[in-house]
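Okay, here's what each chain looks like letter by letter:
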Amino acid sequence: MSFVEYSDLIQDGDVAIVHLGHNSVTPVKVQHGAQTQTRFGVIRHSTDLIGQRYGSKVTCSKGGWVHVLHPTPELWTVALPHRTQILYTTDIAMVTMMLELKPGSVVCESGTGSGSLSHAILRTIAPTGHLHTVEFHQQRAEKVVEEFKEHRVDHLVTVRNQDVCKDGFGVTGVADAVFLDIPSPWEAVGHAKAALKKHGGRLCSFSPCIEQVQRTCEALTEQGFEEIRTLEVLLRVHNVRAVTLQLPDFGPEATEEAPPSATPNPASLKMKTTTPPREIPGHTGYLTFATKPRT
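Residues numbered from 1 in each chain as written. Predicted model: local features only at pLDDT ≥ 70, side-chain atom pairs only at ≥ 80, totals over all residues. Heavy atoms only, no water.

Novice: Help me out: how do you make sense of the pairing of strand S4 (residues 41-44) in this one?
Specialist: Look at any regular strand and the pattern is simple: side chains alternate between the two faces of the sheet. For strand S3 (residues 35-38) and S4, the ladder comprises four bridges, and the chain directions are antiparallel. Looking at S4, one finds that glutamine 37 is bridged to valine 42. Joining the antiparallel neighbours S3 and S4 is a turn of two residues. (Pairing = 2+ DSSP bridges. Helix = DSSP H or I, 4+ residues; strand = E, 2+ residues; numbered from the N terminus.)

As structure tokens, then:
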């Protein structure tokens, strides 16, 4: 099992995603002889998981069942243990596209946080790219190193525990793209420029407050970045459902006289339609993109 390579069978030591129901998933480290408690009963790793195919329907001890799924960055985003606020798939998709990431890309990131975006980047740049990620908090940096090893992507990433605003990314002139998710990204713009390749590259900064965006854009302009653009992504999911519509009865034709016993037309039409959600997720953050010109 790897987050960047698909495996058919569940093996000892894998990290599997147990799907318990709508919007309810949990990661499980598969170990011989171990058990996992769920509301549907016990899952015995040795008999219920190891050797089974990913996607299998597993019956728990109380008779309920769950699905065991192969881990992906999208599933990890909704299942991971939160150590910080994270980026979700809506913003991650925009970041991946706008930074023009592809297999073989070299990316610098700060801060690592809970590793939600990191896993998406690693899948995109595999098998020959590399991620240089910087985390200021020592315990979070140590924890994410453990997770990268468990997920078998540690050969694609280098984790540094340092202050990116003071010490930079630890590399110079190698990155195709830089991503910043820190309280004061304007203080790291100079280091981001130094980390990018001489022939140019893309930068993205994620900030929840517009005041952060203003100061970051000023720093980007001072450092000579071009194509500076800030956007916000809001997801609105429409629900598809079947409805029955009563056909209108316009009465008899003008040239005809309706019989005294005429009854309203009961005809109806069944059709599919979409309805907007009553509530939608609001503001998450602003994404500021910029391009380092060729030098």
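Let's pick the thread back up.
Novice: Would you mind going over the nonpolar core with me for this structure?
Specialist: In summary, soluble globular proteins display a tendency toward joint burial of nonpolar side chains. Of all hydrophobic cores here, the largest spans 46 residues; its most connected members are Val95, Leu99, Leu122, Phe179 and Leu287. Every element with two or more residues in this core is listed here: strand S1 (15-21), strand S6 (65-69), helix H3 (89-98), helix H4 (116-125), helix H5 (138-150), strand S10 (177-180), strand S11 (201-207) and strand S15 (286-292). For valine 95, the contacting residues outside a window of four places in its chain are Leu87, Leu117, Phe179, Cys204, Leu287 and Phe289. Residues Ala175, Val178, Leu180 and Leu203 belong to the second largest nonpolar core, which totals 21 residues. (Core = buried A, V, L, I, M, F, W, Y, C linked by side-chain atoms within 4.5 Å. Buried < 20%, exposed > 50% of the residue type's maximum accessible area, 1.4 Å probe, protein only. Contact = heavy atoms within 4.5 Å.)

Novice: Help me out: how do you make sense of the packing of aromatic side chains in this one?
Specialist: For any two aromatic rings, the description comes down to two numbers: the centre-to-centre distance and the angle of the planes. Scanning all chains against the criterion turns up one aromatic pair. Measuring from centroid to centroid gives 5.9 Å for phenylalanine 3 and tryptophan 76, while their planes differ by 85°, and the two rings are edge-to-face. In this pair, phenylalanine 3 is assigned in the segment before S1 and tryptophan 76 in helix H2 (residues 73-79), connecting sequence segments 73 residues apart. Judged on exposure class, the residue phenylalanine 3 and its partner tryptophan 76 are both buried. Positioned over the ring face of tryptophan 65 is lysine 57, at 4.0 Å from the centre of the ring. (Phe/Tyr/Trp six-rings, centres within 6.5 Å; stacked < 30°, edge-to-face > 60°. Lys NZ or Arg CZ within 6 Å of the ring centre and 35° of its normal.)

Novice: I keep staring at the sheet that holds strand S8 (residues 130-134) and nothing clicks. Help me out?
Specialist: Paired through backbone hydrogen bonds, the strands of a sheet run either parallel or antiparallel to each other. Ordered by their spatial adjacency, seven strands build an open sheet running S9-S8-S7-S10-S11-S15-S12, and the pairing between neighbours is mixed. Edge positions in the sheet fall to strand S9 (157-160) and strand S12 (226-231), since each of these pairs with one other strand and no more. On average, adjacent strands in this sheet sit at an angle of 15° to one another, irrespective of strand direction. Against the sheet, H3 contacts S10, S11, S12 and S15, and its axis sits at roughly 10° relative to S15. Lying on the sheet, H4 is in contact with strand S7 (106-110), S8, S9 and S10; it crosses S8 at an angle near 160°. (Axes fitted to C-alpha atoms, helices over the stretch in contact; angles between N-to-C directions.)

Novice: Explanation requested: the side chain of serine 114 in the structure shown.
Specialist: Examined against the element boundaries, serine 114 turns out to sit in the loop between S7 and H4. Among the polar contacts listed, one links the side chain of serine 114 to the backbone nitrogen of threonine 84, at a separation of 3.1 Å. Among all residues touching serine 114, those that are not within four sequence positions of it are Trp76, Leu80, Pro81, His82, Arg83, Thr84, Ile86 and Glu147. (Polar contact = N/O pair within 3.5 Å; in protein donor to acceptor, adjacent residues only side chain to side chain.)

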